[in-house]
Amino acid sequence: MILDSKIPAGPLAEKWTKHKFNSKLVNPANKRKYDVIVVGTGLAGASAAASLAELGYNVKAFCFQDSPRRAHSIAAQGGINAAKNYQNDGDSIFRLFYDTIKGGDYRAREANVYRLAEVSVKIIDQCVAQGVPFAREYGGLLANRSFGGAQVSRTFYARGQTGQQLLLGAYSALSRQVANGKVKLYPRTEMMDVVVIDGQARGIVTRNLITGAVETHAAHAVLLCTGGYGNVFFLSTNAMGSNVTAAWRAHKRGAYFANPCFTQIHPTCIPVSGDHQSKLTLMSESLRNDGRVWVPATQEIAEKLRKGQIKANDIKEEDRDYFLERKYPSFGNLVPRDVASRNAKYVCDEGRGVNETGEAVFLDFRDAIKRDGRNIIEQKYGNLFDMYKQITGEDPYEVPMMIYPAVHYTMGGLWVDYNLMTTVPGLYALGEANFSDHGANRLGASALMQGLADGYFVIPYTIGDYLAQIPPKKVDENHPEFAKAKEEVQNRIQTILSINGTKTVDYFHKKLGKIMWDKCGMARTEVGLKEAKAEIKALKKEFWSNVKVLGTNEELNQTLEKAHRVADFLELGELMVDDALNRNESCGGHFREEYQTPDGEALRDDENFAYVAAWKYMGEGQEEELNKESLVFENVKLTQRSYK
Amino acid sequence: MKLTLKIWRQKNASDKGGFATYPVDHVSKDMSFLEMLDVLNDQLTEKGEDPVHFDHDCREGICGMCSLYINGKPHGPLQTTTCQLHMRSFNDGETITIEPWRAKAFPVVKDLVVNRSAFDRIIQAGGYVSVNTGGVPDANEIPIPKTIADLAMDAAQCIGCGACVAACKNASAMLFTSAKISQLALLPQGQVERKTRAEKMVAQMDAEGFGACTNTGACEAECPKGISITNIARMNREYFSAVVSSENV
């Protein structure tokens, strides 16, 4: 299949306006005849469900949590970018577009990213009108800060809880439509499959997580707003429930999966403390403004430190290696996320890690406290220091923090065209679930922007163009495809329950996570990836013969829920490895050790790899087929990043 | 650490339920409370016993999904969420009692999992500003004094976990409801619907079966986000001024 991105013709700045005008409209009186399913109620899902209901469509919204307000968008800390230029510091739509394309290491689509920058300004207006309490200056106007290496202050924020406030805003808009009867809400309900009839998405199969009832729902269009797949690594900053299942089922029904190997690893997370660890907690990137990153200069000193024979504060200045400052004198501790993460890994691989597991580096505020005084540091980072102390039991005012990189975000996702439609007509993917806007690396404060842009300002226009072309006749739920899909789901549930093996679901998840982290994580090699592929295949086989899931389907059964998700992660993991093996270059978060500059930096290959890798599912046990969408850059010049 | 856990087990909403006692070994002080329960569940699964069900998701103290009434206190001994509570807050050999939130309006689903959809319905009754997507003024068109915006943010930080209800001897949802009413009453965007919002949300709160407030302050003391009971005072003012000049006749 030739991938048609449907990017409108014409100058970059006019594409979206023209496209909106050229899109077909659904007559206001006809909108009530169309049913739309929205899966997931995070920023993308809640904003889409509310906006479509406001337009008059009948919406069914699904989430696996007990309330739409729990979606993991709520955990985003830093902020949301918008090209408002309120600070008069030279920001513009084009600059936000340019920063995002460059930050993504030139692996995103120009037209999508420009549209994202264009609608970013409307998001802030919308959120303020909903009562989102953004930070303000004493004059009453909105405050901004700079973020993630941008040279302008364009990030809007609500303390350290921007994601929470934006999500609660979208949740309130959604709640209003629930009250109006335009949205029917299905909490604690998990999507198990997509129903495709004559090549078009016509509904979904769900499982009620309380009763176990497997049900079908028909609609004229299905929107997947189901987030990212970082939990394939077992340990990540994602919520425990975050999963790939909805996207993966869609993939198996014909939706191509794009750039699955593009994952973002965030450098400043609290390190793993032991085998019991269930998730990792992010510490804001802003800490690197004042903290100095170091490890002991030699393995011997690190060894003593790990054994508890010496303390960090006992180590003399000349025995400390401030490795980021040493390697990158001009950017120092403020190098981008991918560079900082990789270098922390290198020093730990050399045996110079500083905690019991050997996988941690110091982030030290001693010099900053000496320079500025404890008060200033407390004002800037007090809440973060408190959080760190609560989790680790150590006081970062007295001893250096320990940090290590952790999986944070996935840039890859379902392939979508300019209309956010997947390769299955009528099936859309929004927010982190799609691949389109962040290329190979996402900039800070851009995830919230994309989720809300897709939901509030893109899908309401593009879905109309599709719906206007199909008759408003009710989708027939008695079509045999619904019964067939339902039966397949039921069979799968029974299969999992009947294995009755000896290993827990978490055993498999942890093993998969370790393979992915070691061989498809911060640095990848051809040899390692090939090993990973064989190991994942073997693990998948073991899962389907030896997993132990107790209880029945007809009750709340959290182990059964998780078993389904892990089964899908096992398949996704293999595809991520395939994708990483195929991409013989390094770009953004994807670092292949074979492809680096003499200085050890990522070496892109624009001639051969300036494309989106979109994978087509070919059937159980078959290798997936690679399809390429060439990326054409007409408005930016491709350059090599350097931070020396 | 070695611990004894006394946990409420209840198969489903109609089951009577009761306590079961489990010993757990090899608990590290660095574990979070929920990770300690993960270890217990792994042990139970290996023995072929049904694992203990509990709600949780983000495990970083913001989604509001985790609950648990630990040794007689919602979210346990510290003023934080259960997911942020670590085992170093307990002693070796201790017996820990774990119960679900106890409130008529939060029926038990299974074990430690309760149904908090009553909170969603309170928000649906009026916890929003009725603006559609698009067609709104520029974000800087209405300046808002920083002190007001900060007060609104203080109230808006509620994570909807329900600890306030669980802490209250009357199982009152006043702190939760008042936090949303306060946020929107403080901001200019919330003015148009101020009165109807207060009336409708309070009516829904009562209809859900939550109790009345007797100003004991237990909710504020246990709230993991430090939501203040001054919000309840504000809600009462909003509500009374709304009913005396009601627009809903």
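Computed from a predicted structure; not experimentally measured. (Residues numbered from 1 in each chain as written. Chains lettered and ligands numbered in written order. Predicted model: local features only at pLDDT ≥ 70, side-chain atom pairs only at ≥ 80, totals over all residues.)

Trainee: Would you take a moment to explain the overall build of chain A for this structure?
Mentor: The helix and strand inventory of chain A stands at 18 helices and 19 strands. Along the first, second and third principal axes, the C-alpha atoms of chain A reach 75 × 65 × 50 Å. Counting across all 644 residues of chain A, residues that qualify as buried make up 59%. Here the analysis covers contacts within chain A between residues at least 6 apart in sequence; of these, 74% occur between residues at least 24 apart. (Helix = DSSP H or I, 4+ residues; strand = E, 2+ residues; numbered from the N terminus. Buried ≥ 20, exposed ≤ 12 C-beta atoms within 10 Å, placed from the backbone. Contact = placed C-beta atoms within 7 Å.)

Trainee: Looking at this structure, I do not really get the overall build of chain B. What am I missing?
Mentor: The helix and strand tally for chain B stands at eight helices and seven strands. By principal-axis analysis of the C-alpha atoms, chain B measures approximately 60 × 35 × 35 Å. When burial is assessed residue by residue, chain B has 53% of its 249 residues classed as buried. Partitioning the intrachain contacts of chain B with sequence separation of at least 6 by distance along the chain shows that 70% fall at a separation of at least 24.

Trainee: Would you mind going over the interface of chain B and chain A with me for this structure?
Mentor: Where interface size is given, it is often the accessible area lost as the parts come together that is meant. Between chain B and chain A, the contact holds 65 residues from the first and 63 residues from the second. Among the secondary structure elements, those contributing two or more residues to the side of chain B that touches chain A are α1 (33–47), β6 (108–110), α2 (117–124), α3 (146–156) and α5 (174–186) of chain B. Element by element, the count of residues in the side of chain B that touches chain A is highest for α1 of chain B, at six residues. Each residue belonging to the side of chain B that touches chain A can be placed in one class, and the counts come to 28 nonpolar, 22 polar and 15 charged. (Nonpolar A, V, L, I, M, F, W, Y, C, P; charged D, E, K, R; others polar.)

Trainee: Honestly, helix α1 (residues 15–22) of chain A in this entry has me stumped. Any pointers?
Mentor: An α-helix turns once per 3.6 residues; consequently, residues spaced three or four apart project the same way. Residues and elements named next belong to chain A. Here α1 has its buried residues at K15, W16 and H19. Taken around the axis of α1, the buried residues stretch over an arc of 90°, which confines them to a single face. Buried positions along α1 lie against α5 (110–130). (Arc of directions from axis to C-beta.)

Trainee: What is the right way to look at the sheet that holds strand β16 (residues 413–414) of chain A in this model?
Mentor: Residue and element names in this part refer to chain A. Taken in spatial order, the four strands line up as β16-β10-β18-β19 in an open sheet, and their pairing is antiparallel. The open sheet is flanked by β16 and β19 (625–630), the only strands paired with a single partner. Taken strand by strand, helix α17 (residues 558–582) contacts β10 (257–258), β18 (611–616) and β19, and its axis lies near 145° from that of β18. (Pairing = 2+ DSSP bridges. Axes fitted to C-alpha atoms, helices over the stretch in contact; angles between N-to-C directions.)

Trainee: When you look at unusual backbone geometry in this model, what are you seeing that I'm missing?
Mentor: Negative phi characterises most residues that are not glycine, and trans characterises most peptide bonds. Even without being glycine, Y106 of chain A reaches a positive phi, approximately 60°. Y106 of chain A gets classed as buried once you count the C-beta atoms within 10 Å, which come to 23. Its identity as a non-glycine residue notwithstanding, A171 of chain B has a phi of 50°, on the positive side. Of note, A171 of chain B is situated in the loop between α4 (163–167) and α5.

Trainee: Explain the pairing of strand β2 (residues 58–62) of chain A to me, please; I cannot follow it from the model alone.
Mentor: Residues and elements named next belong to chain A. Of all five residues making up β2, four are buried, and the element is well covered by its neighbours. Of the pairings in the sheet, the one linking strand β1 (residues 35–39) to β2 comprises five bridges and is parallel in character. In the strand pairing of β2, I37 is matched with K60. Tracing the backbone out of β1, into helix α3 (residues 43–55) and back to the parallel element β2 gives a crossover that is right-handed. Pairing of β2 with strand β5 (residues 183–186) involves four bridges; the strand directions are parallel. (Right-handed = clockwise from strand over helix to strand, strands pointing away.)

Trainee: I would appreciate a short explanation of the domain arrangement of chain B in the present structure.
Mentor: Residues and elements named next belong to chain B. Parsing chain B into structural domains produces domain 1 (3–110) and domain 2 (116–244). Here the C-alpha centre of domain 2 lies 29 Å away from the C-alpha centre of domain 1. In this complex, domain 1 contributes 18 residues to the contact, which on the side of domain 2 involves 16 residues. (Domains from an automatic or database assignment.)

Trainee: Is there a simple way to explain the environment of W415 of chain A in this structure?
Mentor: Residues and elements named next belong to chain A. Locating W415 in the fold gives a position in the loop between β16 and β17 (427–429). Sequence-wise, W415 and Y428 are 13 residues apart; in three dimensions their C-alpha atoms are separated by 9.4 Å. Setting aside anything within four residues of it in sequence, one finds W415 in contact with Y256, F257, A258, T422, T423, F435, V612 and A614.

Trainee: Teacher, can you tell me more about the nonpolar core here?
Mentor: Considering soluble globular proteins, one finds that nonpolar side chains tend to be buried as a cluster. Residue and element names in this part refer to chain A. Judged by nonpolar contacts, the single largest core of 288 residues is most densely connected at A49, L223, L224, V361, L414 and Y428. Among the elements that line this core, the one with the most residues is helix α13 (residues 447–467), at twelve residues. Leave out the neighbours within four places in its chain, and Y428 touches A221, L223, L224, V416, L420, M421, T422 and I459. (Core = buried A, V, L, I, M, F, W, Y, C linked by C-beta atoms within 7 Å.)

Trainee: Can you help me understand the domain arrangement of chain A in this one?
Mentor: All names here are of chain A. The domains assigned to chain A are domain 1 (266–407) and domain 2 (482–606). For domain 1 versus domain 2, the distance between C-alpha centres works out to 30 Å. Listed as interface residues are five residues of domain 1 and, on the opposing side, five residues of domain 2. Class assignment of the residues belonging to the side of domain 1 that touches domain 2 gives a composition of one nonpolar, one polar and three charged.

Trainee: Honestly, the sheet that holds strand β1 (residues 3–9) of chain B in this entry has me stumped. Any pointers?
Mentor: Hydrogen bonds between backbone atoms are what pair the strands of a sheet, whose relative direction is either parallel or antiparallel. Residue and element names in this part refer to chain B. Strands sit in the order β2-β1-β5-β3-β4 across an open sheet of five strands; the sheet is mixed. The strands lining the two open edges of the sheet, one partner per strand, are β2 (18–24) and β4 (73–74). As paired strands, strand β3 (residues 69–70) and strand β5 (residues 95–99) are joined by two bridges and run antiparallel to one another. Bridged to Y69 within β5 is E99.

Trainee: It is not clear to me how the environment of E190 of chain A should be interpreted in this structure. Could you clarify?
Mentor: Residue and element names in this part refer to chain A. Relative to the elements of secondary structure, E190 occurs in strand β6 (residues 189–197). Counting along the chain gives 55 residues from E190 to T245, while the straight-line C-alpha distance between them is 9.0 Å. Sequence-distant contacts of E190, that is, excluding residues within four places in its chain, are made with F64, T206, R207, L209 and E561.

Trainee: I tried to follow the packing of α3 of chain A against α13 of chain A on my own but got confused; where do I start?
Mentor: Each pair of packed helices gets described by two things: the angle between the helix axes and the distance between those axes. All names here are of chain A. At a minimum axis separation of 8 Å, α3 and α13 run at an interaxial angle of 30°. Taken together, α3 and α13 sit at an angle that is classed as roughly parallel. At the point where α3 passes α13, the crossing takes the right-handed sense. Mapping the contact onto sequence places L43, A44, G45, S47, A48, S51, L52 and L55 in α3 and L448, G451, L452, D454, G455, Y456, I459, P460 and I463 in α13. Each residue belonging to the contact of α3 with α13 can be placed in one class, and the counts come to eleven nonpolar, five polar and one charged. (Parallel < 35°, antiparallel > 145°, perpendicular 65-115°, else oblique. Left-handed = near helix turned anticlockwise from the far one by under 90°.)

Trainee: Just checking my understanding: could you explain the UniProt feature "active site" (unreviewed entry) in chain A for this structure?
Mentor: Residues and elements named next belong to chain A. What UniProt calls "active site" (unreviewed entry) maps, in this numbering, to R337. The residue R337 is located in helix α10 (residues 337–352) in this model. Excluding anything up to four places from it in sequence, R337 contacts Q264, H266 and P267. (UniProt positions renumbered as here; feature names shortened; annotations may be inferred.)

Trainee: Mind showing me how you'd approach the pairing of strand β12 (residues 292–296) of chain A here?
Mentor: For a regular strand, side chains alternate in direction, first toward one face of the sheet and then toward the other. Residues and elements named next belong to chain A. Extensive coverage of β12 is indicated by the burial of four of its five residues. The sheet contact formed by β12 and strand β14 (residues 361–364) spans three bridges and is antiparallel. Residue pairing across strands places V293 opposite L363, the latter belonging to β14. The sheet contact formed by β12 and strand β13 (residues 320–321) spans two bridges and is antiparallel. Each residue of the ladder has a partner; that of P296, found in β13, is R320.

Trainee: I would appreciate a short explanation of the environment of N180 of chain A in the present structure.
Mentor: All names here are of chain A. With respect to the helices and strands, N180 occurs in the loop between α6 (162–179) and β5. Given 12 C-beta atoms within 10 Å, N180 falls into the exposed group. Each C-alpha atom, one on N180 and one on H479, is 30 Å from the other, the two residues being 299 residues apart in sequence.

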